[in-house]
Amino acid sequence: MKTERILVTGGTGYIGSHTVVELQQAGYPVVIIDNLSNSDSAVLDGIERITGIRPDFVEADCTDIEALKALFAKYPDIKGIINFAASKAVGESMEKPILYYRNNLNTLMNLLELMAPNHVKGIVFSSSCTVYGEPDVNPVTEQSPIKKATSPYGNTKQISEEIITDVINAGAPFKSIILRYFNPVGAHPSAEIGELPNGVPQNLIPYLTQAAMGIRKELSVFGNDYNTPDGSCIRDYINVVDLAKAHVIAVERMLQDKSEDKIEIFNLGTGNGVSVLELINAFEHATGVKVPHKIVGRRAGDIEKVWANPEHANNVLGWKAESDIEDTMRSAWAWQCRLRERGIM
Ligand code: UFG
């Protein structure tokens with residue numbers, strides 16, 4: 001077991017839980033802080049079943065600085081932070097902007113403020129390809145222009161990147177790695193943990209697997225009149241376990257001072273653009289299960305096409321998305337089947 005503990009905020013959430021598994025398997029002691037606003041403490045059981053270790057867990061809100069201070073006092077061995085704690089629904093952010101700004105930005109500022117006094121060496125921040133908006137050119141590199149955010153959610157990601165940059169440039173005694181995720185999908189191959197959307201899913205894969213299970217009548221494909229080969233939108237779907245592994249590499253890079261740079265930004269994607277219709281086909285081919293679907297009108301605010309140039313992460317981080325899209329679709333389906341077995345969905 002390593003001695004440097006990692007604080008994972010939002011660690012019972014979708015990407016957070018997969019990252020806790022990878023951290024523990026790499027030998028890091030972990031403490032999770034999560035307010036369970038969009039997750040369930042049963043996720044801790046899934047993590048324990050996979051790794052044999054139950055991560056320490058504090059149920060609290062990261063906007064509560066006193067709770068964070070108490071956590072750092074209890075765990076003086078925290079040397080790295082991975083910050084997943086954030087609200088993430090684009091549509092909800094349009095209706096409740098203050099919730100998004102308060103939750104996402106206060107969480108980040110509290111953590112940044114407490115890092116130096118607690119001798120934390122680095123923070124990994126979950127950003128998003130949403131910062132590139134509708135790109136003029138694909139694939140996008142880290143140098144591609146940042147476009148004006150089209151939702152409060154997206155704006156919190158842009159502002160967060162700026163806050164981190166300003167704090168580091170002001171001489172903060174720690175490092176940061178900003179990871180811009182493309183579209184995380186799939187579940188742990190054990191089907192012990194996965195994505196657990198609250199209510200009607202807004203994202204493609206949970207909706208798709210629920211439609212395949214018969215929980216939803218059919219998947220609506222939002223538009224087939226885009227300027228893409230089959231008319232549906234194109235994204236870069238990245239396996240959540242691959243994504244989780246990048247966080248372990250990133251946090252280790254800061255703990256071990258592998259880079260001269262105090263702040264680094266990486267795109268995390270596969271480099272392949274896949275359309276909605278192609279993804280449905282990949283799911284059906286991989287699982288043998290049909291996805292009832294129909295074409296409907298475009299969804300307001302959707303990006304037509306975006307996919308990553310992941311070379312910077314490949315070459316500098318030494319990380320590459322390994323998973324095959326059909327394996328990823330099988331993992332998403334196995335997770336949906338597990339939820340059914342457990343009577344959850
Ligand atoms: N889609 C459908 N039907 C659905 C849901 C989605 O056709 O029921 C389509 C969308 O139109 C889009 C694609 O599937 O073309 C992916 O949609 P998601 O909602 O799964 O993902 P987005 O790319 O729209 O959004 C994701 C994250 C956001 C983030 C954004 C950009 O969910 O948090 O990527 O980073 F802001």
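Refer to the structure printed above.
The sections below set out a description of the structure shown in this document.

Rules and cut-offs
- Residues numbered from 1 in each chain as written.
- Predicted model: local features only at pLDDT ≥ 70, side-chain atom pairs only at ≥ 80, totals over all residues.
- Heavy atoms only, no water.
- Helix = DSSP H or I, 4+ residues; strand = E, 2+ residues; numbered from the N terminus.
- Rg over C-alpha atoms; globule rule 2.2 N^0.38 Å.
- Buried < 20%, exposed > 50% of the residue type's maximum accessible area, 1.4 Å probe, protein only.
- Phe/Tyr/Trp six-rings, centres within 6.5 Å; stacked < 30°, edge-to-face > 60°.
- Lys NZ or Arg CZ within 6 Å of the ring centre and 35° of its normal.
- Pairing = 2+ DSSP bridges.
- Near = heavy atom within 4 Å.
- Polar contact = N/O pair within 3.5 Å; in protein donor to acceptor, adjacent residues only side chain to side chain.
- Nonpolar A, V, L, I, M, F, W, Y, C, P; charged D, E, K, R; others polar.
- Arc of directions from axis to C-beta.

Focus on the overall build of the protein
- A tally of regular secondary structure across the protein gives 11 helices and 13 strands.
- The C-alpha radius of gyration computed for the protein amounts to 19 Å, which stays within 12% of the reference 20 Å derived for 345 residues, consistent with globular compactness.
- Along the three orthogonal principal directions, the C-alpha set of the protein runs to about 55 × 45 × 40 Å.
- With 345 residues in all, the protein has 54% of them scored as buried.

Things to note about the packing of aromatic side chains
- Inspection of the entire model under this criterion finds 2 aromatic pairs.
- Between Tyr132 and Phe182, the ring centres sit 6.4 Å apart and the planes meet at 25°, which makes this aromatic pair stacked. Taken together, the positions of Tyr132 in the loop between strand E5 (122-128) and helix H6 (152-169) and Phe182 in the loop between strand E6 (175-181) and strand E7 (183-185) put the pair 50 residues apart, joining distant regions of the chain.
- Between Phe283 and Trp333 the ring centres are 5.8 Å apart and the planes differ by 90°, which places this aromatic pair in the edge-to-face class. Residue Phe283 is found in helix H9 (residues 276-287), and its partner Trp333 is found in helix H11 (residues 325-341); the two are separated by 50 residues along the sequence. For the pair Phe283 and Trp333, a shared accessibility class is recorded, and that class is buried.
- Over the aromatic face of Tyr28 sits the side chain of Lys2, whose NZ or CZ is 4.8 Å from the ring centroid.
- The ring of Tyr226 has Arg298 sitting right over it, with the charged end atom 3.9 Å from the ring centre.

Side note on the pairing of strand E4 (residues 78-83)
- Burial analysis of E4 places 6 of its 6 residues in the buried class, which makes it a mostly covered element.
- The pairing of strand E1 (residues 5-9) with E4 spans 5 bridges and is classified as parallel. Following the sheet pairing, Thr9 is matched in E4 by Asn83.
- The pairing of E4 with E5 spans 4 bridges and is parallel. Note that in E5 the partner of Asn83 across the bridge is Phe125.

Examining the site of the ligand
- Inspection of the region around the ligand gives 20 residues, with Ser128, Asn203, Ser220, Arg235 and Asp302 positioned closest.
- Taking Asn183, its side chain carries an N or O atom lying 2.9 Å from an oxygen atom of the ligand.
- Among the elements that make up the shell around the ligand, the one with the highest residue count is strand E8 (residues 219-222) (4 residues).
- Split into classes, the residues belonging to the shell around the ligand amount to 10 nonpolar, 6 polar and 4 charged.

Considerations on helix H3 (residues 65-74)
- Those residues of H3 that fall on the buried side of the exposure criterion are Ala67, Leu68, Leu71 and Phe72. Buried residues of H3, seen end-on, are gathered within an arc of 135° and therefore sit on one face of the element. Across from the buried face of H3, at angles greater than 90 degrees, the exposed residues are Glu66, Ala73 and Lys74.
- Capping the start of H3 is the job of one residue whose side-chain oxygen sits 3.2 Å from the backbone nitrogen of Glu66: Asp64.

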